[in-house]
Amino acid sequence: MERRTFGELATPNQRLIKIARAAVMNAYAPYSGFAVGAAVRTRTGGIYSGANLENAAYGVGMCAEVGAITAANSAGDYEITTIAVVGLKFTSPKDATRVVTPCGRCRQLIFEAGEITRADVTIFSCSGDLAEIRQSTISEMLPEAFGPANLGLREIWPTLRAELARSVQDLEAVDADVSIALER
Ligand SMILES: [Zn+2]
């Protein structure tokens, strides 16, 4: 982990962090009063953001990182190389000075994406005011992690993904109504 100042970061990383902070505005966080935004950058240069989503049944809430990673995957652009996380307490007592790091579950999600990408994903954990920025890698944040390689799946996924695409195409080929619906 290294402490960084916003000014010393390369422009693409500054931009990613700013997008993560803009996403904070979309948080649905009535229970904790703690809003988090995340933005991921993929190998193709795609950027996807997410915000935390709470729920009256507390346990089903979603972290901002989940939203951002899911957005990338939903766009067919899962090869994540970098993620920025920004958060702030917006209810009294307000506090935008504490660095927000990914929770344990999110570290596991980031690790999985990184194994498929074969990237030691870079993580920028930031305070809301961006005065505190910590740069680390997922291998630092989640050492000795369990992932798809343990199950022998890292090499197999591209083949499985192609099989998935074929399966969907086969369904579309036999179902004319679905094809028409997609063209509309
Ligand atoms: Zn999390």
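Being a predicted model, the structure only gives us computed values, none of them experimental. (Residues numbered from 1 in each chain as written. Predicted model: local features only at pLDDT ≥ 70, side-chain atom pairs only at ≥ 80, totals over all residues. Heavy atoms only, no water.)

(A) Quick look at the pairing of strand β5 (residues 122-127). Counting buried residues along β5, 6 of its 6 residues qualify, which places the element largely inside the surrounding structure. What you see with β5 is no split at all: Thr122, Phe124 and Cys126 on one side and Ile123, Ser125 and Ser127 on the other are buried throughout. Note: strand β4 (residues 80-89) against β5, 6 bridges, orientation parallel. Paired with Ile83 across the bridge in β5 is Ile123. Handedness of the crossover is the feature at issue here: the chain leaves β4, passes through helix α3 (residues 104-117), returns alongside β5, and the resulting connection is right-handed. Sheet analysis places β5 next to strand β6 (residues 133-137), joined by 5 bridges and oriented antiparallel. If you follow Ser125 over to β6, its bridge partner there is Arg134. Linking β5 back to β6 in an antiparallel pair, the connection comprises 5 residues, with Leu130 at a positive phi of about 60°. (Buried < 20%, exposed > 50% of the residue type's maximum accessible area, 1.4 Å probe, protein only. Helix = DSSP H or I, 4+ residues; strand = E, 2+ residues; numbered from the N terminus. Pairing = 2+ DSSP bridges. Right-handed = clockwise from strand over helix to strand, strands pointing away.)

(B) Molecular detail of the environment of Thr97. With respect to the helices and strands, Thr97 occurs in the loop between β4 and α3. Separated by 30 residues in the primary sequence, Thr97 and Ser127 have C-alpha atoms spaced 5.2 Å apart. In contact with Thr97, not counting residues within four places along its chain, are Ser127, Asp129 and Glu132. In this structure the side chain of Thr97 is engaged in a polar contact, spanning 2.6 Å, whose partner is the side chain of Asp95. (Contact = heavy atoms within 4.5 Å. Polar contact = N/O pair within 3.5 Å; in protein donor to acceptor, adjacent residues only side chain to side chain.)

(C) Here's a closer look at the nonpolar core. Judged by nonpolar contacts, the single largest core of 22 residues is most densely connected at Val40, Ile80, Ile83, Ile110 and Ile138. In this structure Val40 touches Leu16, Gly46, Ile47, Tyr48, Ala68, Ile69, Ala72, Ile80, Thr82 and Ile83, once residues within four positions along its chain are discounted. Formed by 13 residues, the second largest nonpolar core is a distinct cluster that contains Leu16, Val24, Cys126 and Leu130. (Core = buried A, V, L, I, M, F, W, Y, C linked by side-chain atoms within 4.5 Å.)

(D) Here's a closer look at the coordination of the zinc ion. At this site the zinc ion is bound by Cys63 (SG), Cys103 (SG) and Cys106 (SG), with donor distances of 2.2 to 2.3 Å. All donors of the zinc ion belong to a single chain; written as a sequence motif, their spacing is C-x39-C-x2-C. Judged by its relative accessible area of 33%, Cys103 falls in the partly exposed class. (Donors = N, O, S within 2.8 Å, 3.2 Å for Na, K, Ca; no water.)

(E) The arrangement of the packing of aromatic side chains in detail. Summed over all chains, the structure comprises 1 aromatic pair. Ring geometry for Tyr31 versus Tyr58: centroids 5.4 Å apart, planes at 50°, classification tilted. With a gap of 27 residues between them, Tyr31 in the loop between α1 (11-24) and β2 (34-42) and Tyr58 in the loop between β3 (47-51) and α2 (64-74) connect regions that are remote in the sequence. (Phe/Tyr/Trp six-rings, centres within 6.5 Å; stacked < 30°, edge-to-face > 60°.)

(F) The arrangement of the pattern of salt bridges in detail. With the rule as written, the count across this model stands at 9 salt bridges. Notably, a salt bridge pairs Arg166 with Glu163, separated by 2.7 Å at the nearest N-O pair. Remark: Glu163 and Arg166 occur in helix α5 (residues 157-174); sequence separation between them is 3 residues, near one turn of the helix. Several salt bridges share partner residues, and in doing so they unite Glu115, Arg118, Arg154 and Glu155 into one network. (Salt bridge = Lys/Arg side-chain N within 4 Å of Asp/Glu carboxyl O.)

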